[in-house]
Amino acid sequence: MALHRFGLPLTALLLTSAFLPAAYADSLEIALAKAAPNANAKVIALAVHATQCTRAQGAAPAQRLAVIDYSLPSTEQRLWVFDLKKRTLLFHELVAHGRNSGENMATQFSNQNESYATSLGLFRTQESYLGSNGYSLRMEGLEPGFNDNAFERAIVIHGAPYVSPVLARANGRIGRSLGCPAVRPAIAHRLIDSMKDGQLLFSYYPDQRWLKSSSYINCGSGTVASSEQATKRQ
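Because the structure is a prediction, the values reported are computed rather than measured. (Residues numbered from 1 in each chain as written. Predicted model: local features only at pLDDT ≥ 70, side-chain atom pairs only at ≥ 80, totals over all residues. Heavy atoms only, no water.)

A.B. asks: Sorry if this is basic, but what is going on with the sheet that holds strand β2 (residues 79-83) here?
C.D. replies: As a general point, the strands of a sheet are linked pairwise by backbone hydrogen bonds and lie either parallel or antiparallel. Overall, mixed pairing links the 7 strands, which are arranged β3-β2-β1-β7-β4-β5-β6 in an open sheet. Two strands lie at the open edges of the sheet, namely β3 (88-93) and β6 (156-158), each paired on one side alone. Strand-to-strand twist across the sheet, computed as the mean angle between neighbouring axes with direction ignored, equals 30°. Sheet topology note: the strand β4 (residues 121-131)/strand β5 (residues 134-141) ladder contains 7 bridges and is antiparallel. For Thr125, the partnering residue across the bridge sits in β5 and is Met139. Against the sheet, helix α3 (residues 41-56) contacts β1 (64-69), β2, β4 and β7 (200-204), and its axis sits at roughly 135° relative to β7. (Pairing = 2+ DSSP bridges. Helix = DSSP H or I, 4+ residues; strand = E, 2+ residues; numbered from the N terminus. Axes fitted to C-alpha atoms, helices over the stretch in contact; angles between N-to-C directions. Contact = heavy atoms within 4.5 Å.)

Laid out in C-alpha cells, this is it:
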C-alpha cells in the first residue's frame, strides 16, 4: 500500500524510526558523559558506538559497560562502570595495566601470550570464578589481532592489593599486573558481580592502528570522525 493512504503521521513515524538507533546512541553518550564529567567525552562516545555495534551485529544487549582510558596515568581513577539501562555511574576506580605496558603511563599494548602487557579493544565478560587471585571474572576479547587471545592469556578482572591510592602516593604509580585490569580488593567483588555474564568492557588508548582498524568503533557512520576527535585531546 502507498504511504499516502495513511497520511503524514505514519510517514513521519516511519522516517523517524530509521533514526532511532543513532538517536539512542547520541542520547546515551550524553547521559554517560554527564554521569562521568571527568571522563573524556570522546572516549565515552567511542565506547557507546562500540556497544551499539555489537547490537547491530545481533548480540544480546549489555546491561553494563566498563570504560578504561589507558591514556591516563595509573595514579588517576581511569575506570568507569555504567548501568546502561539507568544511565548511571556505578564505579569510578583505579585500575592496573600490565607490567610490560609501562610504568605510571601505559604506552605499549599486546595481544601475545606471556607478553604481560595490556590489550586494547572491546571485551565481553563471561562467568566469575575463584582463582589464584581470588574472586575473578573471565573475559572474551572481541577484536582479532588486538585482544582475541584474552581468554587464553587469562586476562581477567580481579582484585589486587597493589591497586592502592596509598601505593600511588608513595611510588608515583600503582602496582602492575600481568596484563589484567586489576582493581582494589575492597570493591572487586561488587564490581565483578555488576559486570559478569555478558557485559562489555572497552579498553582505550589513542593507538592509531587500532583506531583505524577496529571493526567496532568504525562500524557505523560518524564513528571514524569520533575516533579522530578523541585522539586530538591526547
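A.B. asks: Can you help me understand the pairing of β5 in this one?
C.D. replies: Residues in a regular strand project their side chains so that they alternate between the two faces of the sheet. Counting the residues between successive antiparallel strands, the hairpin from β4 to β5 contains 2 residues. Sheet topology places β5 next to β6; 3 bridges connect them, and they run antiparallel. What sits directly across from Arg138, in β6, is Val156.

A.B. asks: Explain the packing of aromatic side chains to me, please; I cannot follow it from the model alone.
C.D. replies: Two aromatic rings, taken as a pair, are described by how far apart their centres are and by the angle between their planes. Per the counting criterion, the structure on display carries 4 aromatic pairs. With centroids separated by 6.2 Å and ring planes inclined at 55°, the aromatic side chains of Tyr70 and Phe109 adopt a geometry described as tilted. Note that Tyr70 is positioned in the loop between β1 and β2 and Phe109 in the loop between β3 and β4, a separation of 39 residues in sequence. According to the relative accessible area criterion, Tyr70 is buried, its value standing at 1%. Under the relative-accessibility criterion, Phe109 is labelled partly exposed at 21%. Between Phe109 and Tyr205, the ring centres sit 4.8 Å apart and the planes meet at 45°, which makes this aromatic pair tilted. Highlighted residues: Phe109 in the loop between β3 and β4 and Tyr205 in the loop between β7 and α7 (208-213), separated in sequence by 96 residues. Linked through ring pairs, Tyr70, Phe109 and Tyr205 together constitute an aromatic cluster. The lysine or arginine in question, Arg99, covers the ring of Tyr116, its NZ or CZ lying 5.5 Å from the ring centre. Over the ring of Tyr129 we find Arg138, and its NZ or CZ is 3.9 Å from the ring centre. (Phe/Tyr/Trp six-rings, centres within 6.5 Å; stacked < 30°, edge-to-face > 60°. Buried < 20%, exposed > 50% of the residue type's maximum accessible area, 1.4 Å probe, protein only. Lys NZ or Arg CZ within 6 Å of the ring centre and 35° of its normal.)

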